[in-house]
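# Structure at a glance
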Amino acid sequence: MALVQVEKVSKQYRNATSKEIFTSLKNVSLETDTNEFVCLLGPSGCGKSTLLKLIAGLQKADSGRITVEGNEVRTPDGSVGVVFQDYALFPWRTVRRNISIGLDVKHIPKSEQNDKVDWAIKLVGLEKFANYYPHQLSGGMKQRVAIARALVLDSKIMLMDEPFGALDAFTRMNLQDDLIELWQKQKFAAIFVTHDVDEAVYLADKVIVMTPSPGEIKKVFNIELARPRVRTSVDFNMYRSEILKQYGYVDKNTVEYQI
């Protein structure tokens with residue numbers, strides 16, 4: 001049985017003013033296995049973020065069914081961690097207190113919280129910044145806090161909505177490496193939303209290419225590249241080229257290749 005199973009899911013929104021119906025997702029089906037890293041790839045507005053919210057139980061699908069470990073998703077679940085692009089940190093709480101907020105909600109005893117938070121802070125390399133506030137951190141540090149906040153809950157599944165989209169290129173690449181290292185160490189399933197083809201090929205075991213709105217699954221690529229991956233390798237760029245073709249772009253600098 002797949003860890004996460006999405007079966008023929010559709011989602012629509014109604015414009016409050018015009019009453020016009022907008023279809024975000026249409027008849028989407030996919031599966032994610034334990035410890036698998038999946039990237040949802042597509043242009044803005046294709047329903048990638050909506051799909052994450054449905055899997056997280058933050059919204060309800062209009063039709064279809066989503067299950068996690070065979071249980072239908074109806075509300076947010078502690079086994080699913082969510083990391084947003086905008087960090088969603090509380091400015092009045094320190095790094096430690098931001099990481100512990102989920103443990104507070106679950107009424108975990110303070111003594112146990114301290115051990116878990118210490119572990120998570122060390123895992124993301126923020127030991128020297130444990131008592132800093134968000135405004136004292138760089139964008140990359142803030143995203144590390146958001147990742148630690150999800151990891152501290154022992155989440156089996158990490159849903160990540162363009163978490164590195166607002167960062168500079170060098171910070172982004174460093175955090176991609178850090179994320180893969182964490183994923184390999186902690187053995188969680190990851191569903192990662194991006195519109196960056198290079199990021200998807202670098203991170204994923206499986207890249208799910210979505211159509212422009214309404215979002216449907218156009219093609220699935222199994223990325224059979226050893227880790228650590230080399231962004232400049234021939235094989236890496238062949239995957240990149242084949243995925244770009246799904247959106248009508250042909251890279252004339254890449255040798256013709258079929259996956």
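Rules behind the numbers
- Residues numbered from 1 in each chain as written.
- Predicted model: local features only at pLDDT ≥ 70, side-chain atom pairs only at ≥ 80, totals over all residues.
- Heavy atoms only, no water.
- Core = buried A, V, L, I, M, F, W, Y, C linked by side-chain atoms within 4.5 Å.
- Buried < 20%, exposed > 50% of the residue type's maximum accessible area, 1.4 Å probe, protein only.
- Helix = DSSP H or I, 4+ residues; strand = E, 2+ residues; numbered from the N terminus.
- Contact = heavy atoms within 4.5 Å.
- Pairing = 2+ DSSP bridges.
- Axes fitted to C-alpha atoms, helices over the stretch in contact; angles between N-to-C directions.
- Salt bridge = Lys/Arg side-chain N within 4 Å of Asp/Glu carboxyl O.
- Phe/Tyr/Trp six-rings, centres within 6.5 Å; stacked < 30°, edge-to-face > 60°.
- Lys NZ or Arg CZ within 6 Å of the ring centre and 35° of its normal.

In this section: the nonpolar core. Phe37, Ile99 and Val207 are the most contacted members of the largest nonpolar core, which has 53 residues in total. Per-element tally for this core: the top contributor is helix H5 (residues 139-151), with six residues. In contact with Ile99, other than residues within four places in its own chain, are Val117, Ala120, Ile121, Val145, Ala148, Arg149 and Val152.

Here we take up unusual backbone geometry. The amide bond that connects Ser213 to the next residue, Pro214, takes the cis arrangement and shows omega of -5°. Secondary-structure assignment places Pro214 in the loop between strand E9 (206-210) and strand E10 (217-222). In this chain, Arg227 is followed by Pro228 through a cis amide linkage whose omega measures 0°. By the element assignment, Pro228 lies in the loop between E10 and helix H8 (234-245).

Here we have four strands laid out as an open sheet, ordered E2-E1-E4-E5, and antiparallel in their pairing. Strands at the two margins of the open sheet, each flanked by one partner only, are strand E2 (21-32) and strand E5 (71-72). In terms of strand pairing, strand E1 (residues 4-14) meets E2 through eight bridges, oriented antiparallel. For Val4, the partnering residue across the bridge sits in E2 and is Thr32. In the packing of helix H1 (residues 48-56) onto the sheet, contacts are made with E1, E2 and strand E4 (63-68), and the angle to E1 comes to roughly 120°.

Next up on the list: the pattern of salt bridges. According to the stated counting rule, one finds 16 salt bridges in the structure shown. A salt bridge links Arg96 to Asp118; its shortest N-O distance comes to 2.6 Å. With a gap of 22 residues between them, Arg96 in helix H2 (residues 95-99) and Asp118 in helix H4 (residues 110-123) connect regions that are remote in the sequence. A relative accessible area of 39% means that Asp118 is categorised as partly exposed. The closest approach of N and O atoms between Asp104 and Lys110, which form a salt bridge, is 3.3 Å. Beyond isolated ion pairs, a larger network of salt bridges with shared partners links Glu7, Arg65, Glu72 and Arg74.

The subject of this paragraph is the side chain of Arg172. Locating Arg172 in the fold gives a position in helix H6 (residues 169-186). Look at Arg172 and you get buried, because its relative accessible area is 14%. With residues near it in sequence (within four places) discarded, Arg172 still touches Phe164, Gly165, Leu167, Thr194, Asp196 and Glu199.

This next bit is on the sheet that holds strand E8 (residues 189-194). With mixed pairing, the six strands of this open sheet are ordered in space as E6-E7-E8-E3-E9-E10. One side of each edge strand has no neighbouring strand; the edge strands of this open sheet are strand E6 (80-83) and E10. Direction aside, the axes of adjacent strands within the sheet are offset by 15° on average. Two strands pair when backbone bridges link them, and E6 and strand E7 (residues 157-161) are joined in this way by four bridges, in the parallel orientation. Across the sheet, residue Val83 finds its bridge partner in E7, namely Met160. The sheet strands contacting H5 are E6 and E7, and the helix crosses E6 at an angle near 170°.

Here we come to the packing of aromatic side chains. Per the counting criterion, the structure on display carries five aromatic pairs. Judged by centre distance (5.2 Å) and plane angle (55°), the rings of Phe90 and Trp92 are tilted. Look at Phe90 and you get partly exposed, because its relative accessible area is 29%. Owing to a relative accessible area of 60%, Trp92 belongs among the exposed residues under this scheme. Judged by centre distance (5.7 Å) and plane angle (55°), the rings of Phe164 and Phe192 are tilted. With a gap of 28 residues between them, Phe164 in the loop between E7 and H6 and Phe192 in strand E8 connect regions that are remote in the sequence. One exposure class covers both Phe164 and Phe192, and it is buried. The structure contains a cluster of three or more aromatic residues connected by ring pairs, namely Phe37, Phe164, Trp183 and Phe192. Sitting over the ring of Tyr202, Arg231 keeps its end group 3.6 Å from the ring centre.

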